[in-house]
Amino acid sequence: MHQAKTTCPYCGVGCGVNATVAENGTLSDVEGNREHPANFGRLCVKGSALHETLGDQGRLIKPRVDGEEVSWEQALDATAERLTTLRNDHGHQCVAAYLSGQLLTEDYYVANKLFKGFLGTPHLDTNSRLCMASAVAGYKRAFGADAVPCNYEDLEEAELVVLVGSNLAWNHPVLYQRIKVTKERNPLMRVVVIDPRVTDSCEIADLYLGVKPGTDAVLFNGLLAWMAAKNKLDTVYLERHTQGFDDALSAAQQSASSVAEVAAACEVDAERLETLYYWFASQLHVVTLYSQGVNQSSSGTDKCNAIINCHLAGGKIGLPGAGPFSITGQPNAMGGREVGGLANQLAAHMDYDTPGARDLVSRFWATDNLAPSLPNSPGYKAVELFDAIERGEIKALWVMATNPAISLPDAAHVRAALKKCPLVIVSECAANTDMLPYADIVLPASGWSEKDGTVTNSERCISRQRGMLPPPGEARHDWQIICDVAKRLGFAEAFDYTHPSEIFDEHARLSGFENTATIPRLFDISGLAGLGRDGYDALTPIQWPVNAQAPHGTARLFENGQFATPDGRAKLLPITPRGPEQALSSAYPLRLNTGRIRDQWHTMTRTARAPRLMNHRAEPFIDVHPDDAAAAGVEDQSLAVLTAATGEYRARARVSNAQRRGEVFVPIHWTDCFSQNARSSALIERIIDPVSGQPEAKHGAVSLAPFASAWEATLMVADQVGVGSPGLTAWCENAYWTRIPMRGFQRWQLADHARMNDWFAALAEWLPTPPSLWCDDTATGRLRVASVENGQLKWWLMVGPPAELPGLAWLEARFNDAHIDDTHRRRLLAGCDDGAADTGPVICSCHQVGQTAIVDAIRNGDTSVEALGARLACGTQCGSCIPELKSLLEEERPDARAKQSSAYEVV
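One structure accompanies this document, and this report is about it. Note that the structure is predicted; figures quoted are calculated from it, not measured.

This part takes up the overall build of the protein chain. Check the secondary structure of the protein chain and you find 31 helices and 36 strands. Its C-alpha atoms give the protein chain a radius of gyration of 27 Å, within 12% of the compact-globule value 29 Å for 907 residues. With 907 residues in all, the protein chain has 63% of them scored as buried. Considering only residue pairs separated by 6 or more positions, the protein chain has 72% of its internal contacts joining residues 24 or more positions apart. Only carbon and sulfur atoms are counted for the fraction: they give 48% of the accessible area of the protein chain, which is about 31900 Å². Considering the protein chain, the positive charge centre built from 82 side chains and the negative charge centre built from 108 side chains are found 1 Å apart.

Turning next to the side chain of Arg 612. Positionally, Arg 612 belongs in the loop between strand E23 (590–595) and strand E24 (621–624). In terms of polar contacts, Arg 612 uses its side chain to reach the side chain of Glu 52, at 2.8 Å. Look past the residues within four positions of Arg 612 in its chain and what remains in contact with it is Val 45, Ser 48, Ala 49, Glu 52, Ser 845, Cys 846 and Gln 848.

Now for the pattern of salt bridges. The tally for this structure, following the rule as stated, stands at 51 salt bridges. Here Asp 452 makes a salt bridge to Arg 464, at a shortest N to O gap of 3.2 Å. In this pair, Asp 452 is assigned in the loop between strand E18 (441–444) and strand E19 (453–456) and Arg 464 in strand E20 (residues 461–465), connecting sequence segments 12 residues apart. The two residues Asp 452 and Arg 464 agree in class, both being buried. Residues Arg 652 and Glu 619 are paired through a salt bridge, measuring 2.8 Å at the closest nitrogen-oxygen approach. Here Arg 652 is found in strand E26 (residues 647–655), whereas its partner Glu 619 is found in the loop between E23 and E24, with 33 residues between them in sequence.

Right, let's get into the sheet that holds strand E8 (residues 160–164). Taken in spatial order, the five strands make up an open sheet running E10-E9-E8-E12-E13, and their pairing is parallel. Of all strands in the sheet, those with a lone pairing partner are strand E10 (207–209) and strand E13 (323–326), marking the two edges. Averaged over all pairs of adjacent strands, the angle between their axes in this sheet comes to 15 degrees, without regard to strand direction. One ladder, built from three bridges, connects strand E9 (residues 190–194) with E10; its direction is parallel. The residue bridging Ile 194 from the neighbouring strand is Leu 209, located in E10.

What follows deals with helix H26 (residues 808–815). Counting buried positions over the eight residues of H26 gives six, a clear majority of the element. Residues of H26 that are buried: Leu 808, Trp 810, Leu 811, Glu 812, Arg 814 and Phe 815.

Here the bond from Trp 544 into Pro 545 is cis, since omega is 0 degrees, no more than 30 degrees from zero. With respect to the helices and strands, Pro 545 occurs in the loop between strand E21 (542–543) and strand E22 (570–571). Positive phi, normally seen in glycine, also occurs at Asn 231, with a value near 55 degrees. As for its placement among the helices and strands, Asn 231 is situated in the loop between helix H8 (216–229) and helix H9 (235–241). Of note, Ala 873 is a non-glycine position whose phi angle comes to about 75 degrees, a positive value. Within the fold, Ala 873 resides in the loop between helix H29 (865–872) and helix H30 (882–891). Given the relative accessible area of 23%, Ala 873 is considered partly exposed.

Moving on to H29. Structural remark: α-helix, 3.6 residues per turn; residues separated by three or four positions point the same way. All of the buried residues in H29 are Val 865, Leu 868 and Gly 869. On an axial view of H29, the arc spanned by its buried residues comes to 100 degrees, and they lie on one face. Facing away from the buried side of H29, by more than 90 degrees, are the exposed residues Glu 866, Ala 870 and Arg 871. Where H29 is buried, its residues contact helix H28 (851–859) and H30. Ala 873, located one to two residues past H29, shows a positive phi value of around 75 degrees.

All right, on to the pairing of strand E2 (residues 16–21) then. With six of six residues buried, E2 lies mostly within the body of the structure. Residues of E2 alternate between two faces, with Gly 16, Asn 18 and Thr 20 on one and Val 17, Ala 19 and Val 21 on the opposite face, all of them buried. Both strand E1 (residues 2–7) and E2 contribute to a ladder of six bridges, which runs antiparallel. Bridge pairing links Ala 4 to Ala 19 in E2. In the sheet, E2 pairs with strand E3 (residues 27–32) via five bridges, with the strands oriented antiparallel. Its bridge partner lying in E3, Val 17 is registered against Gly 32.

Moving on: the state of the cysteines. Inspection of every chain in the model, using the stated rule, returns zero disulfides. In this structure Cys 8 is a free cysteine whose sulfur lies 6.0 Å from that of Cys 44, the closest cysteine sulfur available. Take Cys 881: it sits in no disulfide, and the sulfur closest to it among the cysteines is that of Cys 844, at 4.1 Å.

Another aspect to go through is the environment of Asp 758. With respect to the element layout, Asp 758 can be found in the loop between strand E31 (745–752) and helix H25 (759–766). What makes Asp 758 partly exposed here is its relative accessible area of 41%. In this structure, the C-alpha to C-alpha distance between Asp 758 and Asn 560, residues 198 residues apart in sequence, is 76 Å. A distance of 3.1 Å separates the side chain of Asp 758 from the backbone nitrogen of Phe 760, its partner in a polar contact. Of the polar contacts made by the side chain of Asp 758, one reaches the backbone nitrogen of Ala 761; its length is 3.0 Å.

Once that is clear, we can look at the packing of aromatic side chains. Counted under the stated rule, the structure contains 23 aromatic pairs. Each ring, one from Phe 495 and one from Tyr 497, has its centre 6.4 Å from the other, and the planes form 90 degrees; the classification is edge-to-face. Its relative accessible area of 9% is what places Tyr 497 among the buried residues. Taking 5.5 Å as the distance between ring centres and 70 degrees as the angle between the ring planes, the aromatic pair formed by Phe 760 and Trp 774 counts as edge-to-face. Within this pair, whereas Phe 760 is found in helix H25, its partner Trp 774 is found in strand E32 (residues 773–777), the two being separated by 14 residues in sequence. Through a chain of ring-to-ring contacts, the aromatic side chains of Phe 118, Phe 491, Phe 495 and Tyr 497 assemble into a single cluster. The cationic tip of Arg 460 hangs over the ring face of Trp 544; the distance from NZ or CZ to the ring centre is 5.7 Å. Here the guanidinium or amino end of Arg 814 rests over the ring plane of Trp 810, the centre of that ring lying 4.9 Å away.

On to the packing of H8 against helix H11 (residues 259–266), then. Running from N to C, H8 and H11 point in directions that differ by 170 degrees, and their axes come no closer than 9 Å. Classed by the angle they form, the pair H8 and H11 counts as roughly antiparallel. Contact with H8, carried on its side by Val 218, Leu 219, Gly 222 and Trp 226, involves Val 259, Val 262, Ala 265 and Cys 266 of H11 and no other residues of that element. A class-by-class count of the residues in the contact of H8 with H11 yields seven nonpolar, one polar and no charged.

For the rest of this paragraph, the subject is the pairing of strand E29 (residues 711–718). Of all eight residues making up E29, eight are buried, and the element is well covered by its neighbours. Of the two faces of E29, both are covered, the one formed by Trp 711, Ala 713, Leu 715 and Val 717 as well as the one formed by Glu 712, Thr 714, Met 716 and Ala 718. Relative to strand E34 (residues 792–799), E29 runs antiparallel, the two sharing five bridges. Considered in E34, the bridge of Ala 713 is made with Val 799.

Parameters and conventions
- Residues numbered from 1 in each chain as written.
- Predicted model: local features only at pLDDT ≥ 70, side-chain atom pairs only at ≥ 80, totals over all residues.
- Heavy atoms only, no water.
- Helix = DSSP H or I, 4+ residues; strand = E, 2+ residues; numbered from the N terminus.
- Rg over C-alpha atoms; globule rule 2.2 N^0.38 Å.
- Buried < 20%, exposed > 50% of the residue type's maximum accessible area, 1.4 Å probe, protein only.
- Contact = heavy atoms within 4.5 Å.
- Areas by Shrake-Rupley, 256 points an atom, 1.4 Å probe, with all protein chains shown as cover.
- Lys, Arg positive; Asp, Glu negative; His and termini not counted.
- Charge placed at Lys NZ, Arg CZ, Asp CG, Glu CD.
- Polar contact = N/O pair within 3.5 Å; in protein donor to acceptor, adjacent residues only side chain to side chain.
- Salt bridge = Lys/Arg side-chain N within 4 Å of Asp/Glu carboxyl O.
- Pairing = 2+ DSSP bridges.
- Axes fitted to C-alpha atoms, helices over the stretch in contact; angles between N-to-C directions.
- Arc of directions from axis to C-beta.
- Disulfide = S-S within 2.5 Å.
- Phe/Tyr/Trp six-rings, centres within 6.5 Å; stacked < 30°, edge-to-face > 60°.
- Lys NZ or Arg CZ within 6 Å of the ring centre and 35° of its normal.
- Parallel < 35°, antiparallel > 145°, perpendicular 65-115°, else oblique.
- Nonpolar A, V, L, I, M, F, W, Y, C, P; charged D, E, K, R; others polar.

Structure (structure tokens):
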């Protein structure tokens, strides 16, 4: 048994992880690395469950060509031959790649080098386009480079932290906990949350502004105008280090001339708005932390620059505890940007319009004499790329470690494009994703715990992600697959790597290659070149730039007021606010917001492998204000349907005052592998920011209606029986279903518009084992059935709404019993022991503590988070559930229970 230091593969915080490798070659445990500067030992619930997501089951282990399993030689030969044929017939730019922030930097580097440098196509983009492209464009317009100026320590040194479009408590929980702990130690620190929704991040907020979606630029233009009117500008900083202020201020004054005008546009209280303006202007050490709520907009880049304008105008940048801080969504979105993973980039933070960049990269890669040469202009960005596939312009697409059939807007259009594409190659580690049915060639790739390389987190910190286990079956590392194909295409010398350390070394050398201009390129890790394999293996976290001037890394950028623009000055941009382009109408009157939830990640191919992560929010859902629910005839916890011009979404309604009237929220995670018609992307149109190319995923237009179900049922099927037998799968195509992986079995939530005339006939068609026990109440339409074979529980059915389910812990234990004894068999239909307490919906995923148990403890005198933790252990590990614990404590106060009112009522 030994420990290995690695990095978490989830969000952009980039937490260090200590993984325990057992003697049998499995990961037996994970814990936070106390020495890693991102987390200092903390892990969220997803990170702490990483070892539970591993195993060979559900993994791709052999290559496939045209649906048939083949050898690697056959798969690689087919890939190279088909790419060559298409390029010969249709030109070099008929091929494209679509990559992922889940790839390691070394994977990204060789993919970018192959496609842009040697295949001569600019059409290589990444799913980071969907989350961070607007932030990248905003930084580049203002600073001259995609350079995050801040670090995580700045969040702890700030006097004011402004969270904009970021539910940090759920999406970056370790950073949220760092701010929370700092605030407890420093009562003078203030936190402001700007978000249309009341989220768990509001727990630490001194001020909450529930803005109308899409009005961020108006709000920050108003702040800039207010600072000028109140003489709160840093005129010395503006004069010495910036340009463009007069035009930026003029534009701000035109769109946001007064606090009252801005408050009306944002639909917030004017006094609270001016409080934010006063706090921001009066403090020097201010961090504005922003994420997808700002970026995922048709004017996301302008919103980013509106924020940056205010920091430049107040000189609140390049200082401890100050700066505009874009928090990235994926573990290596930053690393992908470093190597050129966006279609508008070349490599090493150089763009097509960077003077001399094309020649420099060509000489470094030795592509000068190749035909084709390095492309002259940018390629298609994500949405444009799939439009080009649909037009027939792109003939071959290689997708690596991502799922565009789910994540891109207007998913039906994307799927139609994939069907038309003559060659789709997919490198993937999971055996069941929505992309695989469209793949002509499937290449099994390694995953976390197997991959070996580097990632860069949101604060520019490069960390090692170490391989600890061998890939299952015949799976290979992405960089190896790319290099093997490159060799077959005739580029063996340029892709003759034997270890990721060699790729990293080349990447580091390119960053410093001829990087000696008066205004040098900011991205420079030439100080990490020449490490060798031993030095690479021993690499500890370090923030770029890393070079001769900063051999130990750089914690904070722009401290000397020198920027990466031609004149060394930062640029303020004139911003004219624009509303969402997906217009509301009588047919689609509700504004749709989309996002992540606490315990899930992307399309759940990893998190769904840990059953305890499925308990907090087991089904897809729709958060809706009580007034909107009543108007649509939708009740809390009932099934409902959202309809947009592009598609439909079916889920369970959650009626909540945390939603503004006229707005709904849905999660992004559910796919066709887990539910029927619960893809949020089906509701979003293909509208993008004209600068960044980022889709407008936060501003859909939908209508809400009930899902008129004649019945609902819960079916649990043991894993060894088989999930989704042909009968059940065929039936599910025209109804509502959600599949919830549990320990040892799969839970299905089912509903349909039509009556079920004969449940036993349906069960005989769906399932291979017959019923053993049943209780049928024809008067109420309730039915419970169980099948036991050879002493083992094979399946269990309850016809009735999920609210009637017993606590599932007892049934879970029965599915995992080697042999059910007579006492337990008698209680199978009840689903619990006689008198057993139902713990209710899971609130604390780390310790599987349910709401009923928490409420009972509160009513028995545990009236603080600390007391609940001492009794039940909830809130004592990652801390992500603490906001919900506080909400329950508030709801259970005697006066609160009488009033049943919310402290954050949204009007």
